[in-house]
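Per-entry structural report
For reference, the chains in residue letters:
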Amino acid sequence: MDHIVKTHAKDQKITDHRDLLDRLLKQARMQALKYKRKHPNELHIHLIKARNLLVMDEAMLVGKGSSDPYVKFACFGENKKSQVIKKSLDPEWDEKIVLDIDDPKQFVEVEVWDYDMVGADDFMGRVVLPLAPYSDKQRHRAWFPLLNKKGGVDKDKKTGKDKPRGDIELAVTWAYEP
């Protein structure tokens, strides 16, 4: 009889544990649904890398020259900056940036700069991201061509052809975070 009582108590604990797990899972699902309906309030930007950037620091004696790029993020008065990658025209950052933004009419300015130890840093290119396309709360990963300060493409003075400033790869998710 003691064996049956112990087994029953053990079965009851397992059942209680399963009930608790079921309740917790149900609460988690309800919470997820609740947050899914909320408007996004945090923009998560994964700064992955850039390619084919302009040479901003000419080589003094031998070589092709390079740049020391970093990226500035600005939106609605909030500013963030990446680390500087020394001597690279194809830098890899793999950095996560989070901006508190809840207005779909806003946009994020992403600018690439060349760090200079002496004198002012040099502008290398920019991209402007409107937030509305990211309101689906999905992760969007893409390459973006860098444009000049006016948002256009420079022309080569000799050939008249487009003179690219390079590209930047970003993964953007605009989500609701409690």
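Preceding this section is the structure that the text describes.
In this report, the structure presented in the accompanying data block is examined. (Residues numbered from 1 in each chain as written. Predicted model: local features only at pLDDT ≥ 70, side-chain atom pairs only at ≥ 80, totals over all residues. Heavy atoms only, no water.)

1. Details of the sheet that holds strand β4 (residues 92–100)
In sheet architecture, strand pairing relies on hydrogen bonds along the backbone and comes in two forms, parallel and antiparallel. The following threshold applies: The pairing criterion is simple: DSSP has to find at least two bridges between the two strands. Per the convention used, a helix needs a DSSP run of H or I reaching at least four residues, while a strand needs a run of E reaching at least two, with both numbered from the N terminus. Here, axes are lines fitted to C-alpha atoms. For helices the fit covers the stretch in contact, and angles between N-to-C directions go from 0 to 180 degrees.
An order of β4-β1-β10-β7 is seen for the four strands of this open sheet, with the pairing classed as antiparallel. With one partner strand each, in any of the chains shown, β4 and β7 (140–145) form the two edges of the open sheet. Each adjacent strand pair in this sheet contributes to an overall mean axis angle of 25 degrees, direction not counted. Bridge count between β7 and strand β10 (residues 167–175): six bridges; the pairing is antiparallel. Looking at β10, one finds that histidine 140 is bridged to valine 172.

2. A few points about the pattern of salt bridges
In a structure, side chains of opposite charge can pair up when their charged atoms sit close to one another. Here is the rule we go by: Salt bridges are identified by distance alone: a Lys or Arg side-chain nitrogen within 4 Å of an Asp or Glu carboxyl oxygen. Categorising residues by exposure relies on relative accessible area from a 1.4 Å probe, with only protein chains included: less than 20% of the type maximum marks a residue as buried, more than 50% marks it as exposed, and the intermediate range marks it as partly exposed.
Tallying each qualifying case throughout the model produces seven salt bridges. The partner of arginine 126 in a salt bridge is glutamate 109, with the nearest N and O atoms 3.0 Å apart. Of this pair, arginine 126 sits in strand β6 (residues 122–130) while glutamate 109 sits in strand β5 (residues 107–114), and the two are 17 residues apart along the sequence. Looking at arginine 126, the relative accessible area reads 14%, which means it is buried. Between glutamate 169 and arginine 141 there is a salt bridge whose closest N-O contact spans 2.8 Å. Here arginine 141 lies in strand β7 and glutamate 169 lies in strand β10, a separation of 28 residues in the sequence.

Keep in mind these numbers describe shape, not what the thing actually does.
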